[in-house]
Amino acid sequence: MKKIIGALVLLLSFSTQAQEINWMTMNEALEAQKENPKKIFMDVYTDWCGPCKLLDKNTFSNKQVAQYVNKHFYPVKFNAEGTEEVTYKDFTYTNPKYKPGRKGRNSQHLFAHALKITAYPSMVFFDEKGEVISPVAGYHTPSQLEIYLKMIANDDYKNLKTSEAWTSYQKNFKGEFKD
């Protein structure tokens, strides 16, 4: 009996551990799309951004969010003030004005600029061919992010052509994620 209880406790401890999002680079995600087309979910952050850190701590560490993102998207973590080279649409984006060792804000990466990112954090959704669907700016709790994740994953966004349609979609959306 003690062995059975011990095994159950062990199994429960594995199932309640926080699942993590399997982050990759944008180049890795674009390469993966060639083999298995899937949408991309990109977290655009900076090192100095407080809400970005909260998004990692409170939202991306949420088991339901992590499971859903890992299943339906190639998840990309992108530092909007970093030095990563990103090759997108036959152009290589860099951060030529980056200043190593600088504390706080640094120059914006040209890829973030091309995506018209003006606020951090921002999340950008790309379709299965790497085309931008939409950015979503700001901090979101798991339950607030859920509507965007599911709307994009299920292609519902393709039918939301007016603000009235979006309002109706929000009103009728039944979320399941817990904060």
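The preceding data block contains the structure.
All values reported here derive from a predicted model rather than from experimental measurement.

Asks: So what exactly am I meant to see when it comes to the pattern of salt bridges here?
Replies: Side-chain pairs of opposite charge can arise whenever the charged atoms involved come near each other. Summed over all chains, the structure comprises nine salt bridges. Put simply, aspartate 56 and lysine 77 hold a salt bridge, and the shortest N to O gap is 2.4 Å. Taken together, the positions of aspartate 56 in helix α3 (residues 50–60) and lysine 77 in strand β2 (residues 73–79) put the pair 21 residues apart, joining distant regions of the chain. Salt-bridge contacts for glutamate 131 lead to lysine 89; the nearest nitrogen and oxygen are separated by 2.3 Å. Here glutamate 131 is found in the loop between β5 (122–126) and β6 (132–137), whereas its partner lysine 89 is found in the loop between β3 (86–88) and β4 (91–93), with 42 residues between them in sequence.

Asks: For this particular structure, what's the right way to read the packing of aromatic side chains?
Replies: Each aromatic ring pair is summarised here by two numbers: the centre-to-centre distance and the angle between the ring planes. Evaluation of the coordinates by the stated rule reveals 16 aromatic pairs. Each ring, one from phenylalanine 41 and one from phenylalanine 73, has its centre 6.1 Å from the other, and the planes form 55°; the classification is tilted. Highlighted residues: phenylalanine 41 in strand β1 (residues 39–45) and phenylalanine 73 in strand β2, separated in sequence by 32 residues. Taking the centre distance of 6.0 Å and the plane angle of 90° together, the rings of tryptophan 48 and tyrosine 120 count as edge-to-face. Residue tryptophan 48 is found in the loop between β1 and α3, and its partner tyrosine 120 is found in the loop between α5 (110–114) and β5; the two are separated by 72 residues along the sequence. Since its relative accessible area comes to 28%, tryptophan 48 is described here as partly exposed. Judged by relative accessible area, tyrosine 120 falls into the buried class, the value being 19%. Among the aromatic residues, those joined into a ring-pair cluster are Phe78, Tyr88, Phe91, Tyr93, Phe111 and Phe126.

Asks: What am I meant to see in helix α4 (residues 63–72) here?
Replies: What sets the pattern is the α-helix's 3.6 residues per turn: residues three or four places apart point alike. Taken together, the buried positions of α4 are occupied by Val65, Ala66, Tyr68, Val69 and Asn70. The secondary structure elements touched by the buried residues of α4 are β1, α3, β2 and α6 (142–153). Capping of α4 at its N-terminal end is provided by asparagine 62; its side-chain oxygen lies 2.8 Å from the backbone amide nitrogen of glutamine 64.

Asks: Just to check I follow, could you spell out the pairing of β5 for this structure?
Replies: Residues in a regular strand project their side chains so that they alternate between the two faces of the sheet. With five of its five residues buried, β5 lies for the most part within the structure. The alternating pattern of β5 places Ser122, Val124 and Phe126 on one face and Met123 and Phe125 on the opposite face, and all of these are buried. Where β1 lies against β5, five bridges are found, and the strand directions are antiparallel. Considered in β5, the bridge of valine 44 is made with serine 122. Strand direction decides the pairing type here: β5 and β6, joined by five bridges, are antiparallel. From the neighbouring strand, methionine 123 faces β6, where its bridge partner is valine 136. The loop that links β5 with its antiparallel partner β6 comprises five residues; one of these, glycine 130, has a positive phi angle of about 85°.

So, how was this worked out
- Residues numbered from 1 in each chain as written.
- Predicted model: local features only at pLDDT ≥ 70, side-chain atom pairs only at ≥ 80, totals over all residues.
- Heavy atoms only, no water.
- Salt bridge = Lys/Arg side-chain N within 4 Å of Asp/Glu carboxyl O.
- Helix = DSSP H or I, 4+ residues; strand = E, 2+ residues; numbered from the N terminus.
- Phe/Tyr/Trp six-rings, centres within 6.5 Å; stacked < 30°, edge-to-face > 60°.
- Buried < 20%, exposed > 50% of the residue type's maximum accessible area, 1.4 Å probe, protein only.
- Contact = heavy atoms within 4.5 Å.
- Polar contact = N/O pair within 3.5 Å; in protein donor to acceptor, adjacent residues only side chain to side chain.
- Pairing = 2+ DSSP bridges.

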